[in-house]
Number of protein chains: 2
Amino acid sequence: MIEEEKTRIAVDIYGQTYKMVGTETSSHMRLVASMVDDRMREISARNPSLDSAKIAVLTAVNTVHDYLKLKEQLEQMEEELKKLKG
Amino acid sequence: MIEEEKTRIAVDIYGQTYKMVGTETSSHMRLVASMVDDRMREISARNPSLDSAKIAVLTAVNTVHDYLKLKEQLEQMEEELKKLKG
């Protein structure tokens, strides 16, 4: 059995070190980590009283929201493509 | 000045109550919250030793990853649409 090469890196997010393992490039993984770090710092700056668990949950909430909005856009575009091809 | 109607709801995510405020429908906001809750529980089941802050950070990491993958798909589709229209 051939196992896909895995990338293993350590990243810093909001002052904590995380070991990430994945099949993506290390630059993709670093980009993801820095986006999460940026978002956590933005939320923290707007809500200085929140602890890091709540800041991380709100970061996840905002990102899931963005994900669903992007998915709607993708579905609309798929429809449009289908019409143009069909 | 007319202010856009805001939705204010309380949601439970991983055993904590959060007040959410937004211009989206309450069903969209509840969907987002339940997706975050599901993802946190999945990560927690696979990594029982992690505290909730780390679980939330990893949830945010996975979601940002999915977001970036979806964005790539969207960009490819935009290119395809441009060619078909062009």
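Bear in mind the structure is a predicted one, so any value in this text is a computation, not a measurement. (Residues numbered from 1 in each chain as written. Chains lettered and ligands numbered in written order. Predicted model: local features only at pLDDT ≥ 70, side-chain atom pairs only at ≥ 80, totals over all residues. Heavy atoms only, no water.)

A. Representation of the nonpolar core in the model. Membership of the largest hydrophobic core comes to 46 residues, with the highest contact counts inside it found for I13 of chain A together with I13 of chain B. Elements with a minimum of two residues in this core: β1 (7-13), β2 (16-22), α1 (26-46) and α2 (52-85) of chain A together with β1 (7-13), β2 (16-22), α1 (26-46) and α2 (52-85) of chain B. The contact partners of I13 of chain A, leaving out residues within four places of it in the chain, are Y18, A33, V36, D37 and M40 of chain A together with V57 and V61 of chain B. (Core = buried A, V, L, I, M, F, W, Y, C linked by side-chain atoms within 4.5 Å. Buried < 20%, exposed > 50% of the residue type's maximum accessible area, 1.4 Å probe, protein only. Helix = DSSP H or I, 4+ residues; strand = E, 2+ residues; numbered from the N terminus. Contact = heavy atoms within 4.5 Å.)

B. Up close: the interface of chain B and chain A. The partner chain A presents 38 residues to the 38 residues of chain B that form the contact. Carbon and sulfur atoms supply 82% of the area that chain B and chain A bury against each other, a total of about 3,700 Å² over both sides. A salt bridge links K69 of chain A to E24 of chain B; the shortest N-O distance between them is 3.2 Å. Linking chain B with chain A are six residue pairs in polar contact (both at pLDDT 80 or more), by the criterion used here. Elements represented by at least two residues in the side of chain B that touches chain A include exactly β2, α1 and α2 of chain B. Here the side of chain B that touches chain A gets 26 residues from one element, more than from any other, and that element is α2 of chain B. Looking at side-chain class alone, the side of chain B that touches chain A contains 22 nonpolar, eight polar and eight charged residues. (Buried area = accessible area lost by both parts, 1.4 Å probe. Salt bridge = Lys/Arg side-chain N within 4 Å of Asp/Glu carboxyl O. Polar contact = N/O pair within 3.5 Å; in protein donor to acceptor, adjacent residues only side chain to side chain. Nonpolar A, V, L, I, M, F, W, Y, C, P; charged D, E, K, R; others polar.)

Interpretation note: all reported values are geometric properties and have no functional meaning in isolation.
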